[in-house]
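Now for the letters of each chain:
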Amino acid sequence: MTEKDFQQNIEIKKEMELLYRGTRFTVNYGIDNNGKEYIAFGEENLPLKRFATYGQLVNEAMLGFSPLRYSIESLELLNP
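Here the structure is a predicted model, which means the values were calculated and not measured.

What counts as what
- Residues numbered from 1 in each chain as written.
- Predicted model: local features only at pLDDT ≥ 70, side-chain atom pairs only at ≥ 80, totals over all residues.
- Heavy atoms only, no water.
- Core = buried A, V, L, I, M, F, W, Y, C linked by side-chain atoms within 4.5 Å.
- Buried < 20%, exposed > 50% of the residue type's maximum accessible area, 1.4 Å probe, protein only.
- Helix = DSSP H or I, 4+ residues; strand = E, 2+ residues; numbered from the N terminus.
- Contact = heavy atoms within 4.5 Å.
- Arc of directions from axis to C-beta.
- Pairing = 2+ DSSP bridges.
- Phe/Tyr/Trp six-rings, centres within 6.5 Å; stacked < 30°, edge-to-face > 60°.

Participant: I keep staring at the nonpolar core and nothing clicks. Help me out?
Facilitator: Across soluble globular proteins, nonpolar side chains show a tendency to be buried alongside one another. In this structure, Phe6, Ile10, Leu18, Phe41, Leu57 and Leu68 are the most contacted members of the largest nonpolar core, which totals 20 residues. Elements represented by at least two residues in this core include exactly helix H1 (3-11), strand S1 (16-20), strand S2 (23-31), strand S3 (37-43) and helix H2 (54-60). Those residues in contact with Phe6 that lie beyond four places of it in its chain are Met1, Met16, Leu18, Tyr54, Leu57, Val58, Leu68, Ile72 and Leu75.

Shown next as structure tokens:
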């Protein structure tokens, strides 16, 4: 997946299932108790971490020991 495709999917709030080195990751969205929107990302079947913006997501989210921003090109979208 290209970084541009990934960012566009985040901008349109597409829920995604992703595969990275045999591990599944999930992206979904919500609104917290204060009414602020968030992006939730994490390994499937584990608690997802919340991020306020796309920039925060790609800079702080991890795929194992690798930062997401360096691994976007290696992600495989499982639900096109």
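Resuming the write-up.
Participant: Help me out: how do you make sense of H1 in this one?
Facilitator: The periodicity of an α-helix, 3.6 residues per turn, causes residues three or four places apart in sequence to face the same way. Taken together, the buried positions of H1 are Phe6, Asn9 and Ile10. Down the axis of H1, the smallest arc covering the buried residues is 100°, so these residues share one side. Pointing more than 90 degrees away from the buried face of H1 are the exposed residues Lys4 and Glu11. Packed against the buried residues of H1 are S1, S2, S3, H2, helix H3 (68-71) and strand S7 (76-77). Once H1 ends, the next one or two residues include Lys13, with phi positive near 60°.

Participant: Help me understand the pairing of S1, please; the structure alone is not making it clear to me.
Facilitator: Walk down a regular strand and you will see the side chains alternate between the two sheet faces. Side chains Met16, Leu18 and Tyr20 of S1 all project onto a buried face; the interleaved residues Glu17 and Leu19 project onto a face where none is buried. As defined by bridge partners, S1 adjoins S2 across five bridges and the pair is classed as antiparallel. Residue pairing across strands places Met16 opposite Val27, the latter belonging to S2. Hairpin connection between S1 and S2: a loop of two residues separates the two successive antiparallel strands, and Arg21 in this loop has a positive phi of roughly 50°.

Participant: How should the packing of aromatic side chains be read in this particular structure?
Facilitator: What describes a pair of aromatic rings is the distance from one ring centre to the other and the angle between the planes of the rings. Scanning the entire structure with this criterion turns up two aromatic pairs. Where Phe6 meets Tyr54, the ring centres are 6.2 Å apart and the plane angle is 50°; that geometry is what we call tilted. Of this pair, Phe6 sits in helix H1 while Tyr54 sits in helix H2, placing them 48 residues apart in sequence. Classification of Phe6 by relative accessible area gives buried; the value is 0%. Measuring from centroid to centroid gives 5.6 Å for Phe25 and Phe41, while their planes differ by 5°, and the two rings are stacked. With Phe25 in strand S2 and Phe41 in strand S3, the pair connects residues that are 16 residues apart, well separated along the chain.

Everything listed here is a matter of coordinates, which is why it stays silent on function.
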